[in-house]
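# Summary of the model geometry
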Amino acid sequence: MEGLLRSEEMTLCQMFLQSEAAYTCVSELGELGLVQFRDLNPDVNAFQRKFVNEIRRCEEMERKLRFLEKEVKKDGIPMLDTGDNPDAPAPREMVDLESTYEKLENEMKEVNANAEALKKNFLELTELKHILRKTQTFFEERHTDVPCSEHVQYNQLPYHGTEMLMHAEHHHPQAMHDPSMSDETMGLLGEELPRSGQPLRLGFVAGVILRERIPAFERMLWRACRGNVFLRQAEIESPLEDPVTGDQVYKSVFIIFFQGDQLKTRVKKICEGFRATLYPCPETQAERREMAIGVMTRIEDLNTVLAQTQDHRHRVLVAAAKNVKVWFIKVRKIKAIYHTLNMFNLDVTQKCLIAECWCPVADLDRIQQALRRGTERSGSSVPSILNRMSSKQIPPTYNRSSKFTQGFQNIVDAYGVANYREVNPAIFTTISFPFLFAVMFADMGHGMIMFFAALYIVLKEKQFGARRIEDEIFKTFFEGRYIILLMGAFSIYTGFMYNDIFSKSLNIFGSQWFAPAEPFSLATLSEFKKLQFNPNETYTGSPYPIGLDPVWQMAQNKIAFTNSMKMKLSVILGISHMFFGIALSLLNHRYFQKPLNIICDFIPSLVFLFCMFGFLVLRIFHKWVAYDSSMSQKAPSLLIGAINMFLFNYRDEHPDNPEVYHIPGSLQGFQCFLVVVAGLCVPWMMFFKPFYMRHQARFGQLAAERLRRARRQLEQPNVFENNRRFIRGAEEEEFKHQPLSVQSGDLLNHDHDFDNDQEVVHNNDTSGHLHQEEEQEEPFDFGEVFVHQAIHTIEFCLGCISHTASYLRLWALSLAHAQLSEVLWSMVLRIGFSSSGVGGAFMLVIVFMFWACLTVAVLVLMEGLSAFLHALRLHWVEFQSKFYSGTGYKFQPFCFDQILDHSADD
């Protein structure tokens, strides 16, 4: 129970590791995961540490593995994850790993470069093939100024392009219309091939450009060349693959006619600016046909080579995919070991590494065994030494947890990590948290949905854990599966107590209310829609065996009855929860040996809470027991009674029944006594502790002054014998008061005050127990202590009132949940039940699906999240504030499992 109630006992140890055995010893400790190393070189730059070169080599290997992983994922090859967890490789194996990764990386880079070059060549040949086809169509269209081909269009230039074509047709009509002239004897646009003394022909360039750049390309040609060019373009129907990115792009073929070298230069610069690719295009049909045949032959050869290259790449990646996961684990373990070794110090001989670490006292034997295994693996003949040290530093907090308690521990740690050896509320949260949630989420039907959903995840937890699902919402549900399981189970229980299942009830044991023949005859029931039962006449007097009588689900005044009951239950549960929190503070005070805190904090807090609200709980139980249905008119009002108690007003009378608020004289005196005691608890908490601590500080100063005076007299030889008894008496007097002085100093370290100043000394004795010790005494500051104690007192006194009111959320959310469930039933599902016939059956199916979706989405998920957050607040603020400071720091051991999990998430 001690291990569950408090964090593990920790000790600071010093390790002496031989240089040749340090790597394997740290590797064994990483597999064990029970040692948190301290950085002994905090002022040394990361680039100046001993093993920085090894870390760089590991980072380079990680880079190569990420490159291989990227290539494997690019090809869609599944990476084999067998779940193996290999040991960290020996340092001498790093060379083999580096050579393996280097060989694979170079091979993949070479394959990728070859494939990219082949794809680039293939793209160029494909574009050239389309150019030859499209330009052949351009040259064959001679009959009209506007081409008739549906795939080829004139550019939209308004004047000059068409005028150039018409000009050529006007000057060379025979060339444009005489079919007897072959392509070999004709030039561009139908003119004859140039002869000596004839003017130059029109020049042209052909190429390929991205389809989305065509409009801007046309406008730029028109403006830059002032309309003295003629552009024709046609789209390439099939997409082409970009050799660099692998994306599918759509392109168009274009041909530009111009005259003169100046326009030629300008056109080429514009094409270069728009990243258009220009290709040579023969002028004659025979040359184009011959080039097209050569292009098709080369394309077929390239397809064969590309297929072989892709097969080779696939084989290499398939072989690498089987080992990538294991390689990552090995490299990350090596890197983590060298990062840890950089935190060690070298002794003067440069042959031994010195480390300091926090570790649990209960696991020292396991740590010693791990060091022995590491020494044996390294082949070293010198054993490693583990030595416990004394330290005044605050140890880390280490709470052992299982897969069941880990979720609840995370809830507590989210508020703040417990101080060292402070009471850990996680063990109590495993019961109180799902129970308070269930009080607000009390419905058997909704609880069963939550319970069976969590049960399915629990039964399949190994499969879900192996799949490593990255969805954040599912990971939240998966990590809290046991919390949800308990919340669903407790909700079923509280729903059974409230007798509420989907806003309806179960009449298992038979209702204790009955309707007699008179006056509830059939004629009366048919005449009146609403009738009221008289509990003195229609109630048997024996309560329903378990839970709430099912008749209340049919009653019109159900809310008035359940509100009163749930409100009183909320007050009882809330005050009991706070009493338990105050009781846990006593465990802290006793463990840390702070009797003054017990006298000045625990006792007045307990008395104050009982006088304020504990008596109210007793009155609630008294009202339930002492008043039945026949005496309900005389039952006192708890609210008015509590107000009158603090106002010392006992003369109020009810206008109809003067005995309602009547309180006997003996009870009046007891209530006055409680109010007076509650008022006295405030100065008790606020003033007694600071003034007593000031008195102890002054007394300690006087004792210290007497001791110093005695030591000065001891230095005189002639009075040595006379003063020896006096010095012994002064030391005994100081020792007698020293425990009070130490405890009063430790009182400043109370969980509500200066807990961060608490220091713990670890003795190197055989018992292994830890004890608290003061640091060098500081001057006592009465003002600071008084202000902190006053703040604590005010916070507690006001918190007793506000926290009690805060627990009323148990009643409010329970009411809201029940009403939402009833509204959903009456406004949705009742529509399906009210329909009849075949159409009513289909309507019921549709309405039920809609009702089920709203139930899961609104009442289970949204209302469940709301109740979860409110239960979280009740534990963090109302419960844990009574005893829990949460200002410690978490134990973070060097553990390979955690390192690999974080690396996988990243």
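Everything quoted here is computed from the prediction, not taken from an experiment. (Residues numbered from 1 in each chain as written. Predicted model: local features only at pLDDT ≥ 70, side-chain atom pairs only at ≥ 80, totals over all residues. Heavy atoms only, no water.)

## What about the overall build of the protein?
In terms of helices and strands, the protein carries 28 helices and 14 strands. A buried classification covers 44% of the 906 residues belonging to the protein. Long-range pairs, those at least 24 residues apart, make up 80% of the contacts in the protein with a sequence separation of at least 6. Surface summary for the protein: the accessible area is close to 48,800 Å², and the carbon and sulfur share equals 58%. (Helix = DSSP H or I, 4+ residues; strand = E, 2+ residues; numbered from the N terminus. Buried < 20%, exposed > 50% of the residue type's maximum accessible area, 1.4 Å probe, protein only. Contact = heavy atoms within 4.5 Å. Areas by Shrake-Rupley, 256 points an atom, 1.4 Å probe, with all protein chains shown as cover.)

## Considerations on the pairing of strand S4 (residues 203-210)
Of all 8 residues that make up S4, 7 are buried, and the element is covered over most of its length. As judged from the 8 bridges shared by S4 and strand S8 (residues 251-258), these two strands associate in the antiparallel manner. The partner of Gly203 across the bridge, within S8, is Phe258. By the bridge criterion, 3 bridges tie S4 to strand S9 (residues 277-279) in an arrangement that is antiparallel. (Pairing = 2+ DSSP bridges.)

## A few points about the pattern of salt bridges
If you walk through the whole model with that rule in mind, you get 30 salt bridges. With a shortest N-O distance of 3.1 Å, Asp39 and Arg49 are connected by a salt bridge. One end of the pair, Asp39, is in the loop between strand S2 (36-37) and helix H3 (52-74); the other, Arg49, is in the loop between S2 and H3, and 10 residues separate them in sequence. We classify Arg49 as buried; its relative accessible area is 16%. (Salt bridge = Lys/Arg side-chain N within 4 Å of Asp/Glu carboxyl O.)

## Section: the packing of aromatic side chains
Applying the stated criterion across every chain, the model contains 43 aromatic pairs. Geometrically, the ring pair formed by Phe464 and Phe474 is edge-to-face, given 5.2 Å between the ring centres and 65° between the ring planes. Pair noted here: Phe464 is in helix H15 (residues 461-467) and Phe474 is in helix H16 (residues 472-479), with a separation of 10 residues, a long-range link. With a centroid separation of 6.2 Å and 55° between ring planes, the pair formed by Phe608 and Phe796 is classed as tilted. With Phe608 in helix H21 (residues 595-626) and Phe796 in helix H25 (residues 782-806), this pair connects stretches of sequence that are 188 residues apart. By the burial criterion, Phe608 is buried, and Phe796 matches it. An aromatic cluster of at least three residues, connected via ring pairs, comprises Tyr415, Phe428, Phe580, Trp876, Phe879, Phe883 and Tyr884. In this arrangement the basic side chain of Lys566 is found over the ring face of Tyr498, its NZ or CZ atom lying 4.6 Å from the centre. (Phe/Tyr/Trp six-rings, centres within 6.5 Å; stacked < 30°, edge-to-face > 60°. Lys NZ or Arg CZ within 6 Å of the ring centre and 35° of its normal.)

## Some words on the packing of helix H2 (residues 19-32) against helix H10 (residues 324-341)
Between two packed helices, the angle of one axis relative to the other and the distance separating the axes together describe the packing. In contact at an axis separation of 10 Å, H2 and H10 are set at 110° when each is read in the N-to-C sense. Between H2 and H10, the interaxial angle falls into the category roughly perpendicular. The handedness of the crossing between H2 and H10 comes out as right-handed. Contacts between H2 and H10 involve Ala22, Tyr23, Val26, Ser27 and Glu31 from the first element and Lys333, Ile334, Ile337, Tyr338, Thr340 and Leu341 from the second. (Axes fitted to C-alpha atoms, helices over the stretch in contact; angles between N-to-C directions. Parallel < 35°, antiparallel > 145°, perpendicular 65-115°, else oblique. Left-handed = near helix turned anticlockwise from the far one by under 90°.)

## Details of a nonpolar patch on the surface
On the surface, a cluster of nonpolar side chains totalling about 590 Å² of accessible area is made up of Ile449, Ile473, Phe477, Val856, Val858, Leu861 and Met862. Contributions of two or more residues to the nonpolar patch are made by H16 and helix H27 (837-879). No other element matches the 4 residues that H27 contributes to the nonpolar patch. Residue classification places Val856 among the partly exposed residues on the basis of a relative accessible area of 36%. (Patch = residues over 30% accessible without salt bridge, like charges linked within 9 Å, V, L, I, M, F, W, Y side chains within 5 Å.)

## Quick word on helix H13 (residues 426-440)
Compared with the 21 Å implied by 1.5 Å per residue over 15 residues, the 21 Å span of H13 between its first and last C-alpha is a close match. Most of H13 sits inside the fold, with 12 of its 15 residues counted as buried. If you check which residues of H13 are buried, you get Ala426, Phe428, Thr429, Thr430, Ser432, Phe433, Pro434, Leu436, Phe437, Ala438, Val439 and Met440. (Expected span 1.5 Å × (residues − 1).)

## Thoughts on the side chain of Lys335
Checked against the element boundaries, Lys335 lands in helix H10. We classify Lys335 as buried; its relative accessible area is 18%. Sequence-distant contacts of Lys335, defined by excluding residues within four places in its chain, comprise Cys58, Glu59 and Glu62.

## As for the pairing of strand S1 (residues 10-18)
Among the 9 residues in S1, 8 count as buried, and that is most of the element. Inspection of the sheet shows S1 paired to strand S12 (residues 385-389) by 5 bridges, in the antiparallel sense. Residue pairing in the sheet places Gln14 in a bridge with Asn387 of S12.

That's the geometry; what it means functionally is another story.
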